[in-house]
Amino acid sequence: MSNPVLEIKNLHVWYRTYGGYSRVLDGVNLHVHKGEKVGLVGEAGCGKTTTMRSVLRILPEGQAHIPEGQILYHGNDILKMKPRELQQVRTRGISMIFQEPAAALNPVFTVGTQMFDVIKYSGLSKEESRKDNIKRLAIQAIKEVYIPDPERILNCYPNQLSGGMKQRICIAMAIVTPRELLIADEPGTSLDVTIQDQVHRLLRGLVEKKGMSLIMITHSLGVARELTDRIYVMYAGNIVEVARTSDLFANPLHPYTLGLLSSVPKLTGGGVAEGIYGRIPDYLRPPGGCRFHPRCPRAVRRCREEKPLLKDLGGHQVACFQV
Amino acid sequence: MNAPIMTINNLKMYFPVQKSKGKPVYVKAVDGVDLTIHKGEIMGLVGESGSGKSTLAYTVMGMYKPTGGQIIFQGRDISMSSDKRPLSLKKDLQIVFQDPGSSLNPSHNIRQILELPLRVHKIVKREEMERKIAQILQMVELSPNYMYKSPASMGGGERQMVSIARALATDPTFIILDEPTSALDVSIQAKIINMLLKLQQEKQLTYLFITHDLSLMRNIATRVAIMYLGKICEMADTVEFFRNPLHPYTRMLLSSIPVVSEEEEALKPEKVISTGEIPSPVNVPPGCSFHLRCPEKTELCFREDPVMLEVSPGHLVRCHAYQKTAGVHVA
């Protein structure tokens with residue numbers, strides 16, 4: 001297989017708080033190949049967004065601290081890049097769609113102004129960055145996300161658009177100039193299920209058409225199942241299971257994945273499962289050994305003392321001593 | 001089936017928003033809802049945001065005075081606003097809100113939060129307060145140590161447990177659950193749902209469960225109603241509802257749900273490509289309010305609003321496609 005577009009190696013991210021360092025990410029490994037659609041699944045507070053924000057280096061400055069780890073974009077470490085190189089990655093390499101479209105768009109500028117800026121700073125040649133060309137690109141992008149009447153939309157302020165439309169605009173901004181990798185942070189979560197379905201279909205279609213890679217952050221296993229080729233399951237700052245999507249759902253291995261899957265209410269009925277005992281740990285004093293052990297029904301002594309690493313079982317990796 | 005505990009007749013709740021040419025313009029948040037809820041039932045009310053499901057709940061609770069229609073609860077008309085309702089009635093009717101972060105007073109501790117309903121309804125004497133609160137906390141499986149914690153120091157799941165405890169404090173017969181778990185993770189949702197089901201069994205409660213999650217309703221509701229733009233468009237017993245969804249909107253909703261297994265995939269109706277968005281309730285389209293998004297619309301749908309029709313016992317649908325053929329499903 002070709003070299004990965006993005007490779008995260010042993011990433012640790014800590015947040016400085018009043019009570020000390022909050023050790024959120026604890027050695028995350030992840031990679032994405034060209035044209036691949038990868039899902040990053042986990043519950044609220046497990047570090048999904050922190051991982052992806054560190055890729056673009058948009059973590060809150062002064063609070064976040066990265067003691068260890070590498071984020072390689074085509075082999076170059078993003079964490080060591082100079083501002084100019086970083087800007088190139090941000091404007092030409094990787095784009096991101098955020099969870100809350102209302103917060104991602106600036107309310108005091110029109111959609112057009114914001115889109116034109118994205119295009120202007122994406123390193124076009126002088127010829128290409130003429131005003132009419134920029135407008136042409138913007139209109140084309142809005143058409144690609146199936147919004148009718150793009151000319152009018154360009155003159156709208158974000159508050160004049162519905163939630164679904166705003167999220168489409170965010171997608172349009174992310175794809176308006178060619179990018180290699182798209183990071184989507186729960187793009188459908190704040191939307192209704194029918195609109196979410198529209199946004200997801202749109203996203204998948206665009207990614208496939210343009211041959212981009214996609215990292216889809218979501219808390220919903222169902223969404224990941226419909227959209228991705230490969231899934232990383234994350235718990236408390238660790239990747240606990242990695243598998244091809246079909247393998248993961250056919251044969252989930254990690255106790256956390258199993259718990260999560262059984263907690264999802266099913267259309268087939270049959271009641272609601274017990275859920276997972278306890279809650280996500282306090283990152284100021286994370287449990288030793290496997291971070292899942294206080295909640296794990298299968299924990300033994302070794303789980304408390306030693307941190308399990310990802311074991312490869314024929315393409316299906318899992319970090320658990322009991323598997 | 002048990003006797004009805006609550007009957008809602010042609011309930012309307014309009015909000016004036018602005019004036020156009022001297023005439024006020026209304027948002028028709030709830031526009032003619034008929035609903036009967038039986039004792040001991042879990043009625044699932046499902047709809048997208050803006051469909052009016054929360055307004056319906058708040059109107060039933062008396063937070064708004066309805067524009068029209070009638071709410072009958074335990075044989076008494078309660079279509080007045082909350083301040084005119086008898087106290088004994090309020091005790092029997094409680095609500096749990098969606099976001100426990102904003103529905104619990106952050107400057108009060110759990111004891112103060114749970115004490116209020118007990119004091120208002122004079123349920124226990126002052127000396128017994130502490131014991132009673134501990135007992136209420138026990139019902140939602142929280143230890144008495146929580147009494148002096150503040151809501152901010154608790155996780156989202158625990159906070160929601162406190163909201164549920166507060167609703168239970170007055171020993172109600174009917175609880176409205178307004179998306180109690182949609183702000184929570186699935187593993188915590190599962191715990192809360194199980195607890196709600198257990199309490200319902202133990203205390204013979206009736207729930208009106210408002211949600212946008214159809215898969216959840218499949219597992220816990222006895223009946224399901226779908227709401228769209230202030231009106232109910234389909235209602236049936238849960239099993240029948242999921243086996244034979246009739247309204248095009250219901251089928252669109254069902255086919256949009258992301259699921260986690262092949263068996264579930266097989267249960268979804270044939271893919272109805274979801275198009276368009278819920279229109280603004282200020283400008284409700286004429287005719288059937290769903291016709292803009294409907295894949296099966298006919299010319300009739302533009303002109304005439306369909307009426308509710310019972311296609312089989314207990315299965316009601318409001319769609320022109322079933323008016324002519326009454327009872328036979330033609331897809």
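(A) Region of the structure containing the sheet that holds strand β4 (residues 68-73) of chain B. All names here are of chain B. In spatial order, the strands read β2-β1-β4-β5; together these four strands make up an open sheet with antiparallel pairing. At either margin of the open sheet sits one strand with a lone partner, and together these are β2 (23-38) and β5 (76-77). Inspection of the sheet shows β4 paired to β5 by two bridges, in the antiparallel sense. Of the residues in β5, the one forming a bridge with F73 is R76. Strands β1 (4-20), β2 and β4 of the sheet are contacted by helix α1 (residues 53-61), whose axis makes an angle of about 110 degrees with β1.

(B) How the structure looks around the packing of aromatic side chains. A complete count under the given rule lists 13 aromatic pairs over all chains for this structure. Between the aromatic rings of A:Y235 and A:F292, the centroid separation amounts to 4.9 Å while the plane-to-plane angle is 80 degrees, which identifies the pairing as edge-to-face. One end of the pair, A:Y235, is in strand β9 (residues 230-235); the other, A:F292, is in the loop between α11 (255-263) and α12 (301-305), with 57 residues separating them in the sequence. Using a relative accessible area of 1% as the deciding quantity, one classes A:Y235 as buried. Residue classification places A:F292 among the buried residues on the basis of a relative accessible area of 2%. Ring geometry for B:Y14 and B:Y26: centres 6.1 Å apart, planes at 45 degrees, overall tilted.

(C) The sheet that holds strand β2 (residues 20-32) of chain A, seen in detail. All names here are of chain A. The antiparallel open sheet is built from four strands, whose spatial order is β2-β1-β4-β5. The sheet is open, and its two edges are formed by β2 and β5 (76-77), each paired on a single side. Sheet analysis places strand β4 (residues 64-73) next to β5, joined by two bridges and oriented antiparallel. Each residue of the ladder has a partner; that of Y73, found in β5, is N76. Helix-sheet contacts for helix α1 (residues 48-56) involve β1 (6-17), β2 and β4, and the interaxial angle to β1 is about 105 degrees.

(D) Region of the structure containing the pairing of strand β3 (residues 42-47) of chain B. Residue and element names in this part refer to chain B. Of all six residues that make up β3, six are buried, and the element is covered over most of its length. Of the two faces of β3, the one carrying I42, G44 and V46 and the one carrying M43, L45 and G47 are both buried. Of the strand pairs in this sheet, β3 and strand β9 (residues 223-228) are connected by five bridges, and their pairing is parallel. By the bridge assignment for β9, M43 is matched with R223.

(E) Highlighting the packing of helix α6 (residues 156-168) of chain B against helix α7 (residues 186-203) of chain B. All names here are of chain B. One way to put it is that α6 packs onto α7 with a least axis distance of 10 Å and a crossing angle of 15 degrees. Classified by the interaxial angle, the pair formed by α6 and α7 is roughly parallel. Seen from above, α6 lies across α7 with right-handed handedness. The segment α6 lies against α7, with G157, Q160, M161, I164 and L168 engaging I188, I192, M195, L196, L199 and K203. A per-class count over the contact of α6 with α7 returns eight nonpolar, two polar and one charged.

(F) Quick peek at the nonpolar core. If you look at the biggest cluster of nonpolar residues, it comprises 66 residues, and the most contacted ones within it are B:I164, B:F209 and B:L214. Among the elements that line this core, the one with the most residues is α7(B), at seven residues. Beyond its immediate stretch of four places on either side in the chain, B:F209 contacts B:I42, B:M43, B:G44, B:L45, B:L177, B:P180, B:I193, B:L196, B:L216, B:M217 and B:I220. Within the second largest apolar cluster, 56 residues are counted, among which are A:V32, A:Y73, A:V240 and A:C296.

(G) Region of the structure containing unusual backbone geometry. The phi dihedral of A:A236 falls on the positive side, at around 45 degrees, and the residue is not glycine. By the secondary structure assignment, A:A236 is in the loop between β9 and β10 (238-244).

(H) Representation of the interface of chain B and chain A. In this complex, chain B contributes 44 residues to the contact, which on the side of chain A involves 39 residues. Interface of chain B and chain A: buried area, both sides summed, is about 3400 Å²; carbon and sulfur atoms make up 53% of it. Together, B:N219, B:V260 and B:E277 form the three largest contributors to the area buried by chain B at its contact with chain A, with a combined 20%. Here chain B is connected to chain A by five salt bridges. Here B:K271 makes a salt bridge to A:D197, at a shortest N to O gap of 3.0 Å. Taken together, the links from chain B to chain A amount to 22 residue pairs in polar contact (both at pLDDT 80 or more). Elements with a contribution of two residues or more to the side of chain B that touches chain A: α7, α8 (214-220), α10 (248-256) and α11 (262-267) of chain B. It is α7(B) that provides the largest number of residues to the side of chain B that touches chain A, a total of seven residues. Its residues assigned to classes, the side of chain B that touches chain A comprises 16 nonpolar, 14 polar and 14 charged.

Thresholds, definitions, all that
Residues numbered from 1 in each chain as written. Chains lettered and ligands numbered in written order. Predicted model: local features only at pLDDT ≥ 70, side-chain atom pairs only at ≥ 80, totals over all residues. Heavy atoms only, no water. Pairing = 2+ DSSP bridges. Helix = DSSP H or I, 4+ residues; strand = E, 2+ residues; numbered from the N terminus. Contact = heavy atoms within 4.5 Å. Axes fitted to C-alpha atoms, helices over the stretch in contact; angles between N-to-C directions. Phe/Tyr/Trp six-rings, centres within 6.5 Å; stacked < 30°, edge-to-face > 60°. Buried < 20%, exposed > 50% of the residue type's maximum accessible area, 1.4 Å probe, protein only. Parallel < 35°, antiparallel > 145°, perpendicular 65-115°, else oblique. Left-handed = near helix turned anticlockwise from the far one by under 90°. Nonpolar A, V, L, I, M, F, W, Y, C, P; charged D, E, K, R; others polar. Core = buried A, V, L, I, M, F, W, Y, C linked by side-chain atoms within 4.5 Å. Buried area = accessible area lost by both parts, 1.4 Å probe. Salt bridge = Lys/Arg side-chain N within 4 Å of Asp/Glu carboxyl O. Polar contact = N/O pair within 3.5 Å; in protein donor to acceptor, adjacent residues only side chain to side chain.

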